[in-house]
Protein chains: 2
Amino acid sequence: MKSKRCAFLIFLAVLIVSRNALAESTNALHVTFPDERLTVSGLYWFGEDKPVLRRLPARLKDTFRPPVWGLAQSPSGGRIRFRTDSLSLVVVAQNPDASTMHHMTSVGQNGLDLYVDGHYIASAWPNKEAKIRADWRLGGEKKIRDVTIYLPLYKGITISEIILATDAKIESPSPFVLPKPVVYYGSSITQGGCAENPGLSYQSIVSRRLNLDHVNLGFSGNGMGEPAIAQALAEIDAAAYVLDYWANPSVEVYRDTLPIFVDILRAKHSKTPILLTGPFYFSKERVDSALAAKQDEKRKIARDFVEARRKAGDENISFVDGSEMLSSEQVEGLVDGVHGNSLGFYFCANGLEPHLRKALGLGPALKK
Amino acid sequence: MKSKRCAFLIFLAVLIVSRNALAESTNALHVTFPDERLTVSGLYWFGEDKPVLRRLPARLKDTFRPPVWGLAQSPSGGRIRFRTDSLSLVVVAQNPDASTMHHMTSVGQNGLDLYVDGHYIASAWPNKEAKIRADWRLGGEKKIRDVTIYLPLYKGITISEIILATDAKIESPSPFVLPKPVVYYGSSITQGGCAENPGLSYQSIVSRRLNLDHVNLGFSGNGMGEPAIAQALAEIDAAAYVLDYWANPSVEVYRDTLPIFVDILRAKHSKTPILLTGPFYFSKERVDSALAAKQDEKRKIARDFVEARRKAGDENISFVDGSEMLSSEQVEGLVDGVHGNSLGFYFCANGLEPHLRKALGLGPALKK
């Protein structure tokens, strides 16, 4: 009897110790966020505003309309990157709330994606109290791996700490193929609505493929092409600008803002490639001729604008036909007739990839 | 002054009348559900259990484990189909609640997708009271169109009525390429977890492509290969059976249930094609060798089982390597490391398509 009871007590002790062993061990390596060993990518002004994970700088807050500033609190495109030989990783984080929209998952709207050496591994999402505790395995054998944690697409987040194995090395992440990021400006679609995962905005998909850094300045319902945002974009020394803001403005506002927006960028960056996307296909264009006409007008505006600028001597601006990103035959890629779903953003990445390759001089894709 | 006031009153009157004109007009064609003019597809026993939109028959309720019966209340794969020349369509429906899981959208879990002539057009989702009121345009000019309404993947639904234009024709939907449905049995993944849209389970995607009918008998966490479900499947005169239940059972249960399950089908359907899928790739296999080993064991069990049956003379059973549905290079298609997202189900449909074509004698796909 005694030995049985003893065995049970040992079993119980092992159980208690092993439960969340890494997270609760005082020997684990607790890295309070922010920490210079953890690289934050995609949030261009993080350096001046840390620890806040935000997409626009506090310094310019008063120049933005309040909804734009509100949306900037969602760190879409933001990533925490480092290399480590730890076999496990805990992330302790908090959203302001755990709400979701009807066309987004909590994973994508509020949560985190883990990629190891460029491969998706796992995700995390908040509990009802909006607390996130990701508890991830990074590998089986001890070796240095590249870790990328994608931040939420549509909700703010505060990272408290990252916990690694006691003796873990932390090194700088592997470099991108270009030192400068590609900067995207646009609407909810640009912001990543409605990918199911933080790492599935079209920019994240195409950036992983090409090993590029990127900055996501899509603002849901508020990509109106206003000069204040153009001024902010112009602060960024970009590898390229992708202006993807066809969805929110009226036809007239779109037509009127394009020249001003591009002039502001060109005043500081005369040669940086600018890609202007035209509208992709809304499924309701098939049944609503007024909507189709409006979309077509914007397509023509974007195409004509680029053509005129090129004729006027700007060789570094180019047009991306939106139907290459999501065509009338790819409407399964829409979650609500308007916003991309995870499949739609895969289509968008496929369509944008050759244009980005050309603009950035990366050469054509290898045929699979 | 008087004429101004008059104009305003006319404007007001037009505004009031036009608001939800179709839905509220007593002249509109209100079709209470069910109605024999509205074809229900994908819910094989609807005929005996109507008006309940459910995946298993009440007659056999006592033969199923309670969780299986509970999950059968979610009409994944169910569709309401008809042809009409109405230019608009209202669907009035109700879910038992409007809750969502962390890895599903309300659209996909609770909502509806509208396809017109095979093209996705729009979606609907419940409000906080779990009421759905879809208000859709079907086209611009009056002509007969095929309408398909996809039902929720992971929640029950009651349809109250469908409202069309007053003088609308309602006709039988266009026929499928085969009169019998393809019947799928499996896990949460099979049930459609976690597509963002009701029409984006892999079965729905591949069925649209091939113009096939299908029955979805995936049961989240409960695709355990039990004989009671095999008996239910055997009631269906299927074009083919796809046994996709590798995810839920242990290695041992998977090995032990396969022969019994297939024997039950074969007792009634000696020649019907049976496709047995092996495990697709879980992203955590990359970092968890124990998980990878378990998946590999199931892969071997499925492959060996089919090989043995074919050697024993069953020419109509075939193996589908899960890595053709979602490979180690397609892990972006997972929402949480386990379940497909909308992109993942697109990959699954791509992988399954050639196997289905072969089994059903549909010929190879045209190269795009």
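Here, residues in each chain are numbered from 1, in the same order as that chain's written sequence. Labels follow written order: the first chain is A, the first ligand is 1, and so on. Where totals are concerned, whole chains, interfaces and linings use all residues; where local detail is concerned, this predicted model gives features only for residues with pLDDT of at least 70, and gives and counts side-chain atom pairs only at 80 or more. Each side-chain value is derived from all of the structure's non-hydrogen atoms; neither hydrogens nor water enter the calculation.

**A word on the overall build of chain A**
Here's step 1: Summing up its helical and strand segments, chain A has twelve helices and 15 strands in all.
Here's step 2: In summary, chain A has a C-alpha radius of gyration of 22 Å against a globular reference of 21 Å for 368 residues, a match within 12%.
Here's step 3: Across its three principal directions, the C-alpha atoms of chain A cover 90 × 50 × 45 Å.
Here's step 4: Each residue is assigned to one of three classes by its accessible area relative to the maximum for its type, calculated with a 1.4 Å probe on protein chains only: buried under 20%, partly exposed between the two thresholds, exposed over 50%. By residue count, 59% of the 368 residues in chain A fall in the buried class.
Here's step 5: Within chain A, counting contacts between residues at least 6 apart in sequence, those at least 24 apart form 76% of the total.
Here's step 6: When the accessible surface of chain A is summed, it comes to about 15000 Å², and 55% of that surface belongs to carbon and sulfur atoms.
Here's step 7: For the purpose of counting charges, residues Lys and Arg are taken to be positive, whereas Asp and Glu are taken to be negative. His and the chain ends are not included. In plain terms, the charge of a residue is placed at NZ if it is Lys, CZ if Arg, CG if Asp and CD if Glu. Each charge class in chain A was averaged separately, 44 positive and 40 negative side chains, and the resulting centres sit 5 Å apart. Secondary structure elements are taken from DSSP: a helix is a run of H or I of four residues or more, a strand is a run of E of two residues or more, and numbering for both begins at the N terminus. Between the two quantities, the radius of gyration covers C-alpha atoms and the globule rule is 2.2 Å times the number of residues to the power 0.38. Any two residues having at least one pair of non-hydrogen atoms within 4.5 Å are treated as being in contact. Under the convention used here, a 1.4 Å probe and the Shrake-Rupley method define accessible areas, while residue burial counts only the protein chains that appear.

**A few points about the pattern of salt bridges**
All names here are of chain B.
Here's step 1: Salt bridge, as used here, is a side-chain nitrogen of Lys or Arg placed within 4 Å of a carboxyl oxygen of Asp or Glu. Following the criterion strictly, the structure yields 46 salt bridges over all chains and no others.
Here's step 2: Between Arg357 and Glu353 there is a salt bridge, and its shortest N-O distance comes to 2.9 Å. Taken together, the residues span about one helical turn, with Arg357 and Glu353 both in helix α12 (residues 342-360) at a distance of four residues. The same class applies to Arg357 as to Glu353, namely buried.

**Observations regarding the domain arrangement of chain A**
Residues and elements named next belong to chain A.
Here's step 1: An automatic or database domain assignment supplies the start and end points of every domain. Per the domain assignment, the segments making up chain A are domain 1 (30-171) and domain 2 (182-360).
Here's step 2: For domain 1 versus domain 2, the distance between C-alpha centres works out to 25 Å.
Here's step 3: Between domain 1 and domain 2, the residue contacts involve 35 residues of the former and 34 residues of the latter.
Here's step 4: In this structure, the connection of domain 1 to domain 2 is made through three salt bridges.
Here's step 5: Glu235 is the partner of Arg59 in a salt bridge, and the nearest nitrogen-oxygen pair spans 2.8 Å.
Here's step 6: Of all the secondary-structure elements, those providing two or more residues to the side of domain 1 that touches domain 2 are α4 (66-71), α5 (106-110), β5 (112-116) and β6 (119-124).

**Some thoughts on the relation of the copies chain B and chain A**
Here's step 1: To superpose the copies, least squares is applied to the C-alpha atoms of every residue with a pLDDT of at least 70 in both. After a rotation of 180° and a shift along the axis of 0.0 Å, chain B superposes on chain A with an RMSD of 0.0 Å. Taken together, these values place the two copies in the relation of a two-fold axis. Minimal C-alpha separation from the rotation axis in chain B is found for B:Leu343, amounting to 2.1 Å.
Here's step 2: Here 100% of the contact residues of chain B are again contact residues in chain A; the copies associate through an equivalent surface.

**A few points about the packing of aromatic side chains**
Here's step 1: Only rings of Phe, Tyr and Trp enter the pairing, Trp through its six-membered ring, and a pair is recorded when the two centres are within 6.5 Å. The plane angle decides the type: under 30 degrees is stacked, over 60 is edge-to-face, the rest tilted. Counting across every chain of the model gives 33 aromatic pairs over all chains.
Here's step 2: Seen in terms of ring centroids, A:Phe280 and A:Phe282 are 6.1 Å apart; in terms of plane orientation they differ by 85°. Their pairing is edge-to-face.
Here's step 3: Residue A:Phe282 is classed as buried on the basis of its relative accessible area of 8%.
Here's step 4: An angle of 85° between the planes, with centres 5.4 Å apart, marks the rings of A:Tyr346 and B:Phe347 as edge-to-face. A residue pair is termed interchain when its members come from two chains, as with A:Tyr346 in helix α12 (residues 342-360) and B:Phe347 in helix α12.
Here's step 5: Note on A:Tyr346: relative accessible area 18%, which makes it buried.
Here's step 6: Among the aromatic side chains, those forming a connected cluster through ring pairs are A:Tyr185, A:Tyr245, A:Tyr254 and A:Phe261.

**With respect to the interface of chain B and chain A**
Here's step 1: Facing the 42 residues of chain B at the interface are 42 residues of chain A.
Here's step 2: The buried area of a pairing is the accessible area, by a 1.4 Å probe, that goes missing from both parts when the two are put together, added over both. When the buried surface of chain B facing chain A is broken down by residue, B:His102, B:Val287 and B:Glu332 rank first, second and third, together holding 20% of it.
Here's step 3: If you look at where chain B meets chain A, you find two salt bridges.
Here's step 4: Note that A:Glu332 and B:Arg208 form a salt bridge whose closest N and O atoms lie 2.6 Å from each other.

**Observations concerning the confidence of the model for chain A**
Here's step 1: Predicted confidence across chain A gives a mean pLDDT of 94, with 92% of residues reaching 70 or more.
Here's step 2: Predictor confidence is given residue by residue as pLDDT, running from a minimum of 0 to a maximum of 100. Across residues 10-20 of chain A the pLDDT falls below 50, and counting only partners more than four positions away or on other chains, this stretch makes two contacts in the model.

**Quick notes on helix α10 (residues 289-311) of chain B**
Here's step 1: Between the first and last residue of a helix there are one fewer steps than residues, each counted as 1.5 Å, and that sum is the expected span. Along its 23 residues, α10(B) runs 32 Å from first to last C-alpha, staying within 8% of the 33 Å computed at 1.5 Å per residue.
Here's step 2: All of the buried residues in α10(B) are B:Ala292, B:Gln295, B:Lys298, B:Arg299, B:Ile301, B:Ala302, B:Phe305, B:Val306 and B:Arg309.

**Topic: the nonpolar core**
Here's step 1: A:Leu56, A:Leu243, A:Leu356, B:Leu56, B:Leu243 and B:Leu356 are the most contacted members of the largest nonpolar core, which has 158 residues in total.
Here's step 2: If near-sequence neighbours (up to four positions away) are discounted, B:Leu56 is found in contact with B:Trp45, B:Asp49, B:Phe64, B:Val68, B:Trp69, B:Ala72, B:Leu217, B:Phe219, B:Ile229 and B:Ala232. Buried residues of nine kinds, namely Ala, Val, Leu, Ile, Met, Phe, Trp, Tyr and Cys, make up a nonpolar core once their side-chain atoms join them within 4.5 Å.

**Re the pairing of strand β3 (residues 79-84) of chain A**
Residue and element names in this part refer to chain A.
Here's step 1: The buried fraction of β3 is high, at five of six residues.
Here's step 2: Where strand β2 (residues 39-41) meets β3, three bridges bridge the pair, whose relative direction is antiparallel. Looking across to β3, one finds that Ser41 is bridged to Arg79.
Here's step 3: Pairing geometry for β3 and strand β8 (residues 145-150), over six bridges, is antiparallel. From the neighbouring strand, Ile80 faces β8, where its bridge partner is Ile149.
Here's step 4: Judged from the two bridges that link them, β3 and strand β10 (residues 170-171) form a sheet pairing that is antiparallel. Along β10, the bridge assignment pairs Thr84 with Ile170. When DSSP finds two or more bridges between a pair of strands, those strands are recorded as paired.

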